[in-house]
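# Structural overview for review
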Amino acid sequence: MPEILGEFLEDLPHNTEFLLLGFSPGSLPIQQRWRNNGLSADFLADYMTTFFPGESRAKLADIKNTVSYIANELLENAMKYSAGDCHKPISIGLHLFDDRFVFLSSNPVAQASVDRLENYIKELLTSDPYELYIQKLEANSENETNTHSGLGYLTMINDYHATLGWRFRRYDDQPTIVEVSTMVQVSL
Amino acid sequence: MDNQEMLEVKDEDYRVWHDTNNRVVFCEGSLRLGGAEEYAPITQILEQSIAHPPIELTLDLMGLEFLNSSGINMLSKFVIKARQKAGVKITVKGSEAIPWQGKSLKNLQRLMPSLVLEIS
């Protein structure tokens, strides 16, 4: 049974506009593919503006910024935390509904990292997100060697009013690896 | 130790530089570096800019189209450092035309209540 945390829609309807990008994590070292995150995020953002004809420039800029920011954060996480050498793909999808965008990213994560992620998500879901954000910033400022800021999800919630959910699903053929899917919903 | 101050870092996507005469640090382009280590040269420019207080520094972000969460972390760390030093005043200039700035920069004021935020 997959485990769900937060708000996660198991069956996304397919009768909407959507775009799905896939990446093979083993094919290029992360440093060399880092730039791809921004290019992919900007592409998703530009592509989606097509579906808002007649909107003001300010509204279009807002839509582009929101899609680009969230997609970039999801891709950065997926690239940073994916288990290497397991030959499982990384993907990001963006679905457009009448009233919202739904982002869905999936990537393979090693069990040890899954435990850490789950603890963080549980903290996120039971805290006041703004207070937790400020607390993390203050804590990060005292930790020079911290490589993971832990701010991506919190900025999505606080600054973009996003709703987040996660699904953890074990692969049948590789029991030490878990497919982590992250869903981000943003109202239009 | 008086090393040559690093006044500029850039690559094809961004440029950060310190105009020492006018006490302004400019950030331009898109910053999506991978984490604190990759942001270290920019952190260094920012920290040098407030190394000798009293100082009134302007952080001009009007050309910064994109900043990822690691970059937000870097700016927040800098603002906390500035808060901890006596005699440092900071004004952050942003652009209304760049949506992330209206959404995310106000959080810097929470970290440093004396920080002046001008979004125009």
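Keep in mind that what you see is a predicted model, and the values were worked out from it rather than measured. (Residues numbered from 1 in each chain as written. Chains lettered and ligands numbered in written order. Predicted model: local features only at pLDDT ≥ 70, side-chain atom pairs only at ≥ 80, totals over all residues. Heavy atoms only, no water.)

Helix and strand counts for chain B stand at four helices and six strands. Reading chain B from its N terminus to its C terminus gives the helix and strand order β-β-β-α-β-α-β-α-α-β. Here the C-alpha atoms of chain B give a radius of gyration of 13 Å, agreeing with the 14 Å that 2.2 N^0.38 yields for 120 residues. C-alpha extents for chain B along the principal axes are approximately 40 × 30 × 25 Å. When burial is assessed residue by residue, chain B has 51% of its 120 residues classed as buried. Contacts in chain B between residues at least 24 apart in sequence constitute 67% of all its contacts with a sequence separation of at least 6. Entry remark: accessible area of chain B is about 5800 Å², with carbon and sulfur atoms responsible for 47%. Seen as two clouds, the 13 positive and the 16 negative side-chain charges of chain B have centres 9 Å apart. (Helix = DSSP H or I, 4+ residues; strand = E, 2+ residues; numbered from the N terminus. Rg over C-alpha atoms; globule rule 2.2 N^0.38 Å. Buried < 20%, exposed > 50% of the residue type's maximum accessible area, 1.4 Å probe, protein only. Contact = heavy atoms within 4.5 Å. Areas by Shrake-Rupley, 256 points an atom, 1.4 Å probe, with all protein chains shown as cover. Lys, Arg positive; Asp, Glu negative; His and termini not counted. Charge placed at Lys NZ, Arg CZ, Asp CG, Glu CD.)

Direction vectors running N to C along helix 4 (residues 129–141) of chain A and helix 2 (residues 69–84) of chain B enclose 70°, while the axes themselves pass 9 Å from each other. When the axis of helix 4 of chain A is compared with that of helix 2 of chain B, the two are roughly perpendicular. Where helix 4 of chain A approaches helix 2 of chain B, its residues Tyr133, Leu137, Glu138, Asn140 and Ser141 of chain A are matched on the opposing element by Ile72, Asn73, Ser76, Lys77, Ile80 and Arg83 of chain B. Looking at the contact of helix 4 of chain A with helix 2 of chain B, its residues break down into four nonpolar, four polar and three charged. (Axes fitted to C-alpha atoms, helices over the stretch in contact; angles between N-to-C directions. Parallel < 35°, antiparallel > 145°, perpendicular 65-115°, else oblique. Nonpolar A, V, L, I, M, F, W, Y, C, P; charged D, E, K, R; others polar.)

Moving on to the packing of aromatic side chains. Within the structure shown, the criterion is met by 10 aromatic pairs over all chains. Ring geometry for Tyr120 of chain A and Tyr153 of chain A: centres 6.5 Å apart, planes at 25°, overall stacked. Placement of Tyr120 of chain A in helix 3 (residues 111–126) and of Tyr153 of chain A in helix 5 (residues 152–160) is noted, with a sequence separation of 33 residues between them. Take Tyr120 of chain A: its relative accessible area is 12%, and that puts it in the buried class. Under the relative-accessibility criterion, Tyr153 of chain A is labelled buried at 9%. A centroid spacing of 4.7 Å and a plane angle of 15° characterise the contact between Trp17 of chain B and Phe26 of chain B, whose relative ring orientation is stacked. Put simply, the rings of Phe43, Tyr47 and Phe51 of chain A touch in pairs and so form one group of aromatic residues. Above the ring of Phe97 of chain A, the side-chain terminus of Arg100 of chain A is found at 5.6 Å from the ring centroid. Its end group placed over the ring of Trp17 of chain B, Arg15 of chain B keeps NZ or CZ at 3.7 Å from the ring centre. (Phe/Tyr/Trp six-rings, centres within 6.5 Å; stacked < 30°, edge-to-face > 60°. Lys NZ or Arg CZ within 6 Å of the ring centre and 35° of its normal.)

All right, on to the sheet that holds strand 1 (residues 8–10) of chain B then. All names here are of chain B. Reading across the sheet, the six strands line up as 1-2-3-4-5-6 and stay open at both edges, with mixed pairing between neighbours. In this open sheet, the two edge strands, each paired with only one partner strand, are strand 1 and strand 6 (116–119). Averaged over all pairs of adjacent strands, the angle between strand axes in this sheet comes to 15°, irrespective of strand direction. Two elements, strand 2 (residues 14–19) and strand 3 (residues 24–31), share six bridges in a ladder whose sense is antiparallel. Bridge pairing in strand 3 places Tyr14 opposite Gly29. The strands touched by helix 2 are strand 4 (55–67) and strand 5 (88–94); relative to strand 4, the strand with the most contacts, the crossing angle is about 175°. (Pairing = 2+ DSSP bridges.)

On to the environment of His14 of chain A, then. As for its position among the elements, His14 of chain A is in the loop between strand 1 (3–6) and strand 2 (17–23). Along the primary structure His14 of chain A and His95 of chain A are separated by 81 residues, whereas in three dimensions their C-alpha atoms are 8.7 Å apart.

The next thing to look at is unusual backbone geometry. In this structure, the amide linkage connecting Pro53 of chain B to the following residue, Pro54 of chain B, adopts the cis form with an omega of 5°. Topologically, Pro54 of chain B is positioned in the loop between helix 1 (36–49) and strand 4. One non-glycine residue with positive phi stands out, namely His161 of chain A, at about 50°. With respect to the helices and strands, His161 of chain A occurs in the loop between helix 5 and strand 5 (163–170). Given the relative accessible area of 63%, His161 of chain A is considered exposed. One non-glycine residue, Arg23 of chain B, adopts positive backbone phi at about 55°. Position of Arg23 of chain B relative to the elements: it lies in the loop between strand 2 and strand 3. Look at Arg23 of chain B and you get partly exposed, because its relative accessible area is 43%.

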